[in-house]
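Working through the structure, step by step
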Amino acid sequence: EAASAYAAFGCEVQRLPDDIAYPGQKTYDKQPGALDNPGRTEAARPMMLRRVATCVRLIQHMRRLGSGIAGFLARIQPDVVMSGPFHSCGTFDNAFALECRRRKVLHGCYPVSAYHGRKGSVQARFSNLAMGMLPPILKADFDLMNRCMASLFPQWTQTREGRTIFMWEPMTMLAARLTGLLERDIWQKPSPDFDVVFVFNRFSRSLLESNGFPMEKVVTVGVPLLDAAVARSRDPEARRSMLADLGLHEDEPFVLFNVEPSAEHHYCEWERHWQNFRTMMGVVTAQKLPVVLSLHPLCRLEDYLFAESEYGVRIARNWKIHDLYPLCKFVVSFPCSTNLLAETFGKPLAIYDFFGMAQVGSPRA
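Residues numbered from 1 in each chain as written. Predicted model: local features only at pLDDT ≥ 70, side-chain atom pairs only at ≥ 80, totals over all residues. Heavy atoms only, no water.

**Quick notes on the nonpolar core**
In globular proteins that are soluble, nonpolar side chains generally tend to be buried together. The test is simple: Note on terminology: a nonpolar core comprises buried Ala, Val, Leu, Ile, Met, Phe, Trp, Tyr and Cys residues joined through side-chain atoms within 4.5 Å. Remark: exposure states derive from per-residue accessible area (1.4 Å probe, protein chains only) relative to the maximum for the residue type, with buried under 20%, exposed over 50%, and partly exposed in between. Secondary structure is summarised from DSSP: a helix means a run of H or I of at least four residues, a strand means a run of E of at least two, and numbering begins at the N terminus for each.
Ile69, Met149, Trp156 and Met173 are the most contacted members of the largest nonpolar core, which totals 42 residues. Of all the secondary-structure elements, those providing two or more residues to this core are α2 (44–76), α3 (92–103), α4 (118–130), α5 (144–152), β4 (163–166) and α6 (170–179). In terms of residue count, α2 provides more of this core than any other element does, eight residues in total.

This is the structure we're talking about:
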């Protein structure tokens, strides 16, 4: 679908070979060494040998990947390469960054969020590990191998409240280091290796500045994604069409509900996820206003269809949350980066927080 859309714009679409592109389903439990801690058992020794063998295989893979991207850029000969603020280790994103530096090709970063900087990156890593979204093998005390790697490469770790963790599984980082694909500052996001970084607003810029980012590289451009949303909100016919698509009358006030993908993001069991979801459906429908649900991209529409018949809400199938913000009466959301849109569009915002992510004193407060 994306390839067809860009081709319609007149773009030449290139596809990476399958062996160096992202796999179709990325899961941490399929990553090298993502096992439960074996402790002081006989299982520890063979696991360490497997991790060394995995590192060797990763080195071979990353060398092929680097050569593939080098040939890719040599064939295309770009003047500029634009990337997202990738969060990866030893993948084609890292290979593009390396080749851009080698070839002196301008490498720019476009944002996907308003949140940037080392502090947020570190906090997210600790939070995601604590919530089960990351494997325990990131802990520095996971086994003897990790303890040795933490001693050899302390810059690969961060410590909070007595817990030390790696950014990535250390054997993967070692393979990336030996093949030149490891970022020079793995904790700063976006990478300072970019030549220019575009950010949404002064808030985003201040996050980078307070985290020691080289500010001569930062340009504030607004949120390009909002251009079409703002234009539609100012066009009476477009507004009527959107509301009709949602089953609403012209200028009918509605509650915009941002669905939390807690089970989809693997920090909550499905049973509790649905309990929380039903609780919130009871809350928002009690307001006696139409309720429109905005699903996270990870949420499957078919999983949530029951809410339409059971609670009388509407699920936005054709519109993203930034499209809906200008039209709603107020917003109910979990702690989400899109909450900044409430200030942009001047909408009242109520945050529901089942997991204490935004409570006073928390890292994301």
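What follows continues from the structure just given.
**Some remarks on the pattern of salt bridges**
Let me state the cut-off plainly: Salt bridge, as applied in this entry: a Lys or Arg side-chain nitrogen positioned within 4 Å of an Asp or Glu carboxyl oxygen.
This structure, assessed with the given rule, holds 17 salt bridges. The salt bridge involving Glu250 is made with Arg240; its shortest N-O contact spans 3.1 Å. Taken as a pair, Glu250 in the loop between α9 (236–245) and β7 (255–258) and Arg240 in helix α9 lie far apart in primary sequence, ten residues in all. A salt bridge links Arg278 to Glu310; its shortest N-O distance comes to 2.3 Å.

**A look at the side chain of Ser204**
Keep this limit in mind: The contact rule is simple, with two residues in contact once any of their heavy atoms fall within 4.5 Å.
Assignment of secondary structure puts Ser204 in helix α7 (residues 202–210). Ser204 gets classed as buried once you look at its relative accessible area, which sits at 0%. Among residues more than four places away in sequence, those in contact with Ser204 are Ala114, His116 and Val199.

**Observations concerning the confidence of the model for the protein chain**
Selection rule: Summary of the metric used: pLDDT quantifies the predictor's per-residue confidence within the range 0 to 100.
This prediction gives the protein chain a mean pLDDT of 89; 93% of its residues lie at or above 70. A low-confidence stretch, residues 25–43 stays under pLDDT 50, and its non-local contacts, those more than four residues away or across chains, total 26 contacts.

**Here we look at the environment of Ile137**
Position of Ile137 among the secondary structure elements: in the loop between α4 and α5. Accessibility expressed as a relative area gives 1% for Ile137, which makes it buried. Counting along the chain gives 108 residues from Ile137 to Asp245, while the straight-line C-alpha distance between them is 47 Å.

**Structural notes on a nonpolar patch on the surface**
Defined as follows: Note on patches: the residues involved have over 30% relative accessible area and no salt bridge, like charges join within 9 Å, and the nonpolar side chains Val, Leu, Ile, Met, Phe, Trp and Tyr join within 5 Å. Under the convention used here, a 1.4 Å probe and the Shrake-Rupley method define accessible areas, while residue burial counts only the protein chains that appear.
A surface patch of nonpolar side chains, amounting to about 470 Å² of accessible area, comprises Val80, Met82, Leu106, Tyr110 and Val112. Looking at the secondary structure, you find Leu106 in strand β2 (residues 106–109). The exposure class of Leu106 is partly exposed, given its relative accessible area of 41%.

**Examining the environment of Leu65**
With respect to the element layout, Leu65 can be found in helix α2. Taking relative accessible area as the criterion, Leu65 reaches 2% and is therefore assigned buried. Taking the C-alpha atoms as reference points, Leu65 and Ile20, separated by 45 residues in sequence, lie 5.7 Å from one another.

**Description of the sheet that holds strand β6 (residues 218–220)**
Cut-off, in case you're wondering: Each pair of strands is called paired provided DSSP finds at least two bridges between the two strands. Between N-to-C directions, angles cover 0 to 180 degrees, with each direction set by a line fitted to C-alpha atoms, over the stretch in contact for helices.
Taken in spatial order, the four strands make up an open sheet running β1-β2-β5-β6, and their pairing is parallel. On the outer flanks of this sheet lie β1 (80–83) and β6, each paired with one strand and no other. Averaged over all neighbouring strand pairs, the angle between strand axes comes to 25 degrees, with direction disregarded. Note: β2 against strand β5 (residues 196–199), two bridges, orientation parallel. The residue bridging Gly108 from the neighbouring strand is Val196, located in β5. Lying over the sheet, α7 contacts β5 and β6, oriented at roughly 165 degrees with respect to β6.

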